[in-house]
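Each chain, written out:
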Amino acid sequence: MFPQAGEWAGGEAAFPAAIKALDQINQREDILPGYYLNLSAYDTRCSAGLGTTILYELLYNKTFGNVNSSILMLLGPACSPVSTAVGEAAKMWNLIVLSYGSSSPALSNRARFHTFFRTHPPATLHNPTRIKFFELFGWKRIAILIQTEEVWQSTAENLEVLARKHNVHIAVRQLFDNDPSHAISNLQKDDIRIIVGLFYEEKARKVFCKAYQQKYFGESYVWWLVGWYADNWFLKIDDIDCTADEMSRAVEGHFTTEIQMLTDSTTRTISGLTAREFITDLNSTLKQLFPNKPVESVGGYVESPLAYDATWALALALNRSLGRANLEEWSYGNVNMKEIMMDDMKKTDFFGVSGAVKFDELGNRMSKIVVEQLRNGYYHRLARFDAEKGSIEWLNNEGPDGSRCWNYKHNYSSSYEKRRLAPYDQMQISNKVLEISRTLYLTMSCFAALGLLFSLVCLVLNIAYRKRKFIWQSKPMYNNCALIGGIICLVDVFLLGADSQTDNPTRFVKLCQLKGSLLAAGFSICYGGLLAKLVRTYLLSTKKTISRLWSMCELFIIVGCLLLIDLIVFIIWHIKDPLVFTSEPTGDSSILHDVKTVFKFQQCRSKHHMIWIGLLYSIKGILIVIGIYLSYETRASKLEMINDAHLVRMCTYNIFIVCLISASLTLIIERNQDADFAFASIAIILCCFVSFGLIFLPKILCLIRGRDQSLSSIGNKDQAISNSTGTGHGSNSTTQQLSSEDEEKHRKLVAENEQLKALIAEREARVNELIEKLKQHGNNVVIRDVQRFTTNANPNQTSANHDGESAGLIDSTAYVMRRRSTFANPITLSTHLSNTAISTTTTSATGKVMEAPAETNHKHSSTSSYRESVC
Ligand code: ABU
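All of these numbers come straight from a predicted model, not from anything done at the bench.

**Some details on the overall build of the chain**
Summing up its helical and strand segments, the chain has 26 helices and 16 strands in all. Here the chain holds 871 residues, and 52% of them are scored as buried. Working note: accessible area of the chain is about 39700 Å², and carbon and sulfur atoms make up 56% of it.

Laid out in structure tokens, this is it:
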């Protein structure tokens, strides 16, 4: 049976080869002497149906073809599907079938194909070779694209079993019948890079045309095909929609495995010809038979040595049987004779053009496997694999690592140049954890370090010069507290940007907890200090009575409460909804040289993360709003005892604005580690720099300019303050206590002053009334601005004031009035001055000359005292 058309027209070259063998056999007198071996050829078109029909015609129709008796043996079929149908049926007629072209592993089933022999090795022989090369190139994930024919399916099954043994994963097993479009799409979808193609030549053209059209080709994809297609199979484009150029591009670089069908040996074969002589002879015959195509393109050209040797094997077996049985007595029912012929067939052992010809128990023939690669449109012999030894013999100067397979297109000038490696068996995923930009981290760290340095300097100065009046009057404990909180927050800046890339989730979560709790605690301590000062200012300016205990513990109570709230929130958060490590892809990725870089964002999240964050933000937000309210309420207050209250108010506004912007942006912008870090860090750094700058820079300037006064030096000059501070060398708590007493005294005096003001107003009205009366009596009354008047304390002095008037020019009957505005904002007056002012103004209110030098001095002294306290 010699197919001349169909899936594989293997009979085209096989038939002339068989005829050549037959001619030589018939000429040999030592083989089947007295007999002439006749060959009746039938074209099966590689169709199982047609093959079976031919078989039945041969069995039942004695007039079919030239056959007029029972046929002795069946040479062929060529195609596996035909062999499967014919071989299974033939055993029923005790007919021996000797195939020269069937590769189906299924045909090795002796129970099914009892009388089947073949000179074509089974396709399973390719599989160890494939696996060997997969291991060599490091491929662990492959796919098999299978045409729905038993020959291919059974080959694939064998490959799967072998692959499993060698830990090679068959990711996809894709079957197709006629149109491979969907199969190719599925391979593409599954990101298959290494494909074993098991199909006939005609289907191979369709597969590669579709692969080209679906852009499933190129250096990233490696196809492994059977090697017995005609050499230029991909250039036959009559039955596909691709051009020869497109097909050449699609198939470039693929590998083939094929049984070695023509021996390399120069030894003479059973026919007396060498393998080279045989092929030269066959080539000339084929050129005559097929003048329009190259001999390599003739169907079955590669298998022709197998057909030649099969004919020889058949003749030699019959020759052996000739001695034991009368061939003329052969009938399909002659079981004994069948056994003799089977036995003689099994004894086959000769050297043919395809190498040593002998059959194993299953009627198969073993052979070495040749691996080829299509390079620049031509098949290049790469290596030979001996399945029995498991060794690769590299041919044509190929390197043992097979590196030329990936670099054959390039001429590298130096051995140091980077060569292409074998492509990956799938897209390689490289996970890259998004890190905070180094530049950003370093910049923020530098600013945080500067902030830390500044805060530490402020803290040291605040402690060292705590007995200086202007520092003592700014409530240094409160400021120290703010500084310590700020320092904690600034330290947190280093942690916020550190260790964003870790493969230790436990450590990552611990770091998250540390960062969060440090920030919350730092804020509470820092803002608590400022808030306590605002509360004190508010209480003083609203004349609320402050208990001694409150005034002593106010700072600790407020800061303690804030810390306690943080602690409670963090404990509940940790217990109810603990933070867990998450590493999620951002959605951004880049692909370079088959490596996909997936960017991942690592973070700590709770189930209800935003609720907890919202809770913390709300608490801090409420505190800031309270601070804003207190600042607004005390906006007009100027307390000597809290000389930097107005600066603290400015700090509160600053913190409010910065935190509002930063918190909003952090909540809006998700999954951006740089933005998260930048907003948090900038907020911390900005709040600390602005707040500490506002509060401490004036104090530092004061120290530098030497305008400060120690409490002890003030003692003699300002008795009230000296009294309230005691010696001024007590502990901080003592200072705090004395200050509170002093403030109480101050408040009482202010109240007293208010009463006096009312009295003065009453007296002024009375004086105005009297002036009016004096005017009516013709007396002159001059009302002068006290500021002008005070430049010349003694009204009797004759020196000129800045109006150009001389005091001496004033009419002796003139009355000089003091402006009431002098008493505006009595709170600015110091305790000592207030007492004096009260007594003086009381006196003046009763005298004719209302302004007295003493008051003028006190006014000057008052302003000076306030300036000193804030420096
Ligand atoms: N070497 C050709 C194999 C054909 C087949 O097994 O059908």
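**Regarding the sheet that holds strand E6 (residues 194-198)**
Strands sit in the order E5-E4-E6-E7-E8-E11-E12-E13 across an open sheet of eight strands; the sheet is mixed. Unpaired on one side and paired on the other, strand E5 (169-176) and strand E13 (391-394) mark the two borders of the sheet. Averaged over all adjacent pairs, the angle separating strand axes in this sheet is 25°, with direction ignored. Helix H6 (residues 181-189) contacts strand E4 (141-147), E5, E6 and strand E7 (222-226) of the sheet and is inclined by roughly 160° relative to E5.

**Thoughts on the site of the ligand**
The environment of the ligand is formed by Trp8, Cys79, Ser80, Gly101, Ser102, Ser103, His120, Val151, Tyr200, Trp228 and Glu303. Separating an oxygen atom of the ligand from a side-chain N or O atom of Tyr200 is a distance of 2.4 Å. In the complex, the protein chains occlude 100% of the 250 Å² of accessible area that the ligand would expose alone. Its residues assigned to classes, the shell around the ligand comprises five nonpolar, five polar and one charged. When residues of the shell around the ligand are assigned to domains, at least three fall in each of domain 1 (13-123 + 267-359) and domain 2 (125-263 + 372-394).

**Concerning helix H13 (residues 438-464)**
For the α-helix, the turn length of 3.6 residues means that residues three or four positions removed from each other point alike. Under the 1.5 Å per step criterion, the end-to-end length of H13 is 38 Å for 27 residues, consistent within 8% with the ideal 39 Å. Buried within H13 are the following residues: Leu440, Tyr441, Met444, Ser445, Ala448, Gly451, Leu452, Phe454, Ser455, Cys458, Leu459 and Asn462. Buried residues along H13 sit in contact with helix H14 (469-472), helix H15 (476-496) and helix H20 (673-705).

**Re unusual backbone geometry**
In this chain, Gly76 is followed by Pro77 through a cis amide linkage whose omega measures -5°. Tracing the chain through its elements places Pro77 in the loop between strand E1 (73-75) and helix H3 (80-90). One non-glycine residue, Asn167, lies in positive phi territory at about 55°.

**Regarding the packing of aromatic side chains**
Taken as a whole and judged by the stated rule, the model has 41 aromatic pairs. Ring centres of Tyr56 and Trp93 lie 5.7 Å apart, and the angle between their planes is 75°; this geometry places the pair in the edge-to-face category. Of this pair, Tyr56 sits in helix H2 (residues 48-60) while Trp93 sits in the loop between H3 and strand E2 (96-99), placing them 37 residues apart in sequence. Note on Trp93: relative accessible area 16%, which makes it buried. For the ring pair Phe133 and Trp394, a centre distance of 5.7 Å and an interplane angle of 70° mean the geometry is edge-to-face. Of this pair, Phe133 sits in helix H4 (residues 126-136) while Trp394 sits in strand E13; the two residues are 261 residues apart in sequence, bridging distant segments of the chain. For the residue pair Phe133 and Trp394, the accessibility class agrees, reading buried in each case. Taken together through their ring pairs, the aromatic side chains of Trp8, Trp152, Tyr200, Phe208, Tyr216, Tyr221, Trp223, Trp228, Tyr229, Trp233 and Phe234 make up a single cluster.

**A few points about the nonpolar core**
Judged by nonpolar contacts, the single largest core of 140 residues is most densely connected at Leu145, Trp223 and Trp224. Ranked by residues supplied to this core, first place goes to helix H10 (residues 304-322) with eleven residues. For Leu145, the contacting residues outside a window of four places in its chain are Gln174, Phe176, Ala183, Ile184, Leu187, Ile195, Val196, Gly197, Leu198, Phe199, Val207 and Trp223. With 57 residues, the next largest nonpolar core counts Leu440, Tyr441, Tyr527 and Ile685 among its residues.

Definitions and limits used
- In this convention, every chain numbers its residues from 1, walking through the sequence in written order.
- Owing to the predicted nature of the model, reporting of local features is limited to residues with pLDDT of at least 70; listing and counting of side-chain atom pairs is limited to 80 or more, with chain, interface and lining totals taken over all residues.
- Computation of side-chain values covers all heavy atoms of the structure but excludes hydrogens and water.
- Secondary structure elements are taken from DSSP: a helix is a run of H or I of four residues or more, a strand is a run of E of two residues or more, and numbering for both begins at the N terminus.
- Each residue is placed in one exposure class: buried if its accessible area under a 1.4 Å probe, protein chains only, is under 20% of its type's maximum, exposed if it is over 50%, and partly exposed if it falls in between.
- Under the convention used here, a 1.4 Å probe and the Shrake-Rupley method define accessible areas, while residue burial counts only the protein chains that appear.
- In this description, strands pair whenever DSSP reports at least two bridges between them.
- Axes, fitted as lines to C-alpha atoms, cover a helix only where it is in contact. Angles between the N-to-C directions of the axes lie from 0 to 180 degrees.
- The criterion used for residue contact is that any of the two residues' heavy atoms lie within 4.5 Å.
- We call a residue near a molecule or strand as soon as one heavy atom of that residue lies within 4 Å of the molecule or strand.
- Any pair of nitrogen or oxygen atoms within 3.5 Å is treated as a polar contact; in protein, a donor-acceptor pairing is required on top of that, and neighbouring residues in sequence qualify only through side-chain atoms on both sides.
- Gly is put with the polar residues, along with every residue not named as nonpolar or charged; the nonpolar set is Ala, Val, Leu, Ile, Met, Phe, Trp, Tyr, Cys and Pro, and the charged set is Asp, Glu, Lys and Arg.
- An automatic or database domain assignment supplies the residue ranges for each domain.
- How far a helix is expected to stretch is found by multiplying one less than its residue total by 1.5 Å.
- Each pair of aromatic rings taken from Phe, Tyr and Trp, with Trp reduced to its six-membered ring, is defined by centres within 6.5 Å and is described as stacked if the planes are under 30 degrees apart, edge-to-face if over 60, and tilted in the remaining cases.
- Put simply, buried Ala, Val, Leu, Ile, Met, Phe, Trp, Tyr and Cys residues joined by side-chain atoms within 4.5 Å make one nonpolar core.

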